[in-house]
Amino acid sequence: MDWNKEILENNFTGKFFGHKIHYYPETGSTNDDAFSLGITGAQEGTVVIADSQNKGKGRLQRSWHSPSGANIYTSVILRPQITTSESSRIPILAGVAVAEVLDKYSPGKIKVKWPNDVLLNSKKVCGILSQVKITPKGIDFLVLGIGINVNMAHNQFSEEIRDSATSLAIETGREISRLELIISLYENLEKWYKQLLQNEFGPVKEKWLELTPMIGRTVQVVYKDETISGTATGLDEDGSLILLTAGNKEIRVLAGDATIKR
Ligand code: BTN
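Residues numbered from 1 in each chain as written. Predicted model: local features only at pLDDT ≥ 70, side-chain atom pairs only at ≥ 80, totals over all residues. Heavy atoms only, no water.

1. Here's the deal with the overall build of the protein
When helices and strands are tallied, the protein shows six helices and 12 strands. In terms of overall size, the protein behaves like a compact globule, its C-alpha atoms giving a radius of gyration of 18 Å where 262 residues would be expected to give roughly 18 Å. Residues classed as buried in the protein amount to 52% of the 262 residues present. For the protein, the share of sequence-separated contacts (at least 6 apart) that also reach a separation of at least 24 residues comes to 64%. Element-wise, carbon and sulfur atoms account for 47% of the exposed surface of the protein, whose accessible area totals about 12200 Å². Taking the average place of the 30 positive charges on the side chains of the protein and the average place of its 31 negative ones, the gap between the two points comes to 3 Å. (Helix = DSSP H or I, 4+ residues; strand = E, 2+ residues; numbered from the N terminus. Rg over C-alpha atoms; globule rule 2.2 N^0.38 Å. Buried < 20%, exposed > 50% of the residue type's maximum accessible area, 1.4 Å probe, protein only. Contact = heavy atoms within 4.5 Å. Areas by Shrake-Rupley, 256 points an atom, 1.4 Å probe, with all protein chains shown as cover. Lys, Arg positive; Asp, Glu negative; His and termini not counted. Charge placed at Lys NZ, Arg CZ, Asp CG, Glu CD.)

2. Observations concerning the layout of surface pockets
By volume, the largest pocket is sized at about 1000 Å³. Considering the residues around the largest pocket, the lining is formed by 44 residues, among which Arg62, Trp64, Asp117, Lys124 and Ile161 are closest to the centre. Looking at the lining of the largest pocket element by element, the count peaks at five residues for strand β6 (residues 123–135). Counted by class, the lining of the largest pocket contains 15 nonpolar, 19 polar and 10 charged residues. Counting only domains with at least three residues in the lining of the largest pocket, you end up with domain 1 (5–211) and domain 2 (218–260). Roughly 580 Å³ of internal volume is contained in the second largest pocket. If you go around the second largest pocket, you meet 24 residues; those closest to its centre are Ser88, Pro91, Ser130, Leu254 and Ala255. The set of elements that each furnish at least two residues to the lining of the second largest pocket consists of α3 (89–102) and β6. For the lining of the second largest pocket, the class distribution of residues is 12 nonpolar, 10 polar and two charged. Residues from two domains meet in the lining of the second largest pocket; each of domain 1 (5–211) and domain 2 (218–260) gives at least three. (1 Å grid on protein atoms, 1.4 Å probe; cavity = no way out; pocket = protein on both sides within 12 Å on 5 of 7 lines; lining within 4 Å. Points joined across faces, edges and corners; volume = space filled by probe spheres on them. Nonpolar A, V, L, I, M, F, W, Y, C, P; charged D, E, K, R; others polar. Domains from an automatic or database assignment.)

Scope: geometric values only; no functional claims are made or implied.
Right, dumping it as structure tokens:
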């Protein structure tokens, strides 16, 4: 056993994120757990970690395959004093924070893809799902969920995603300590989050642009039954992707699945 509640608690002691940890050997979804905790008033920085999930959730109502003993499935409660539209900066920030940490394991091979995938050798190694609880006064809290494929083997991925997803272990050829990784992850998240709270999206955006292969490329974004294509030119203040269409029209896309075409 590489981690359990006690080991995690000992390693998170005194930290900004994880001063309170809920650890489950198995759960439905750490995002659902964190959301319920948020509703009952759990403090900012409360972290949920699971060894496996049987209802792991992905973006756009997809599922997130979450076998035991291999990966990181974690969610944290945030209570930032920002506007609802600024809240979409948070998953972008998380992508940057994860990418910076993973780069230590695979230098130069980590990229970010809008909206918030982290890629390793062009394959998805991490997914991020944020959910917001809004009240008439603004944001009550936000749940930031992060799934990282750490030690998962090639044959553990479903056939459907086997060619487009990967794990750190597959790409580096060695087993990675989930404990070390999750500690570094939350430390780095704290660094970026505190910067954002000082109202500075600039550095996050700059780092994101540095890490993405999308700028200047033709990108197709599919959302529900709508498809938009254009040249990616930047990232807007609310985290939307800026595209220049064939008709030279600048548009901003807030949600969807992006594919780099050329
Ligand atoms: C995506 O579709 O790319 C987002 C995947 C997010 C998965 C993580 S795993 C921890 C947290 N709990 C969930 O149910 N989902 C997120």
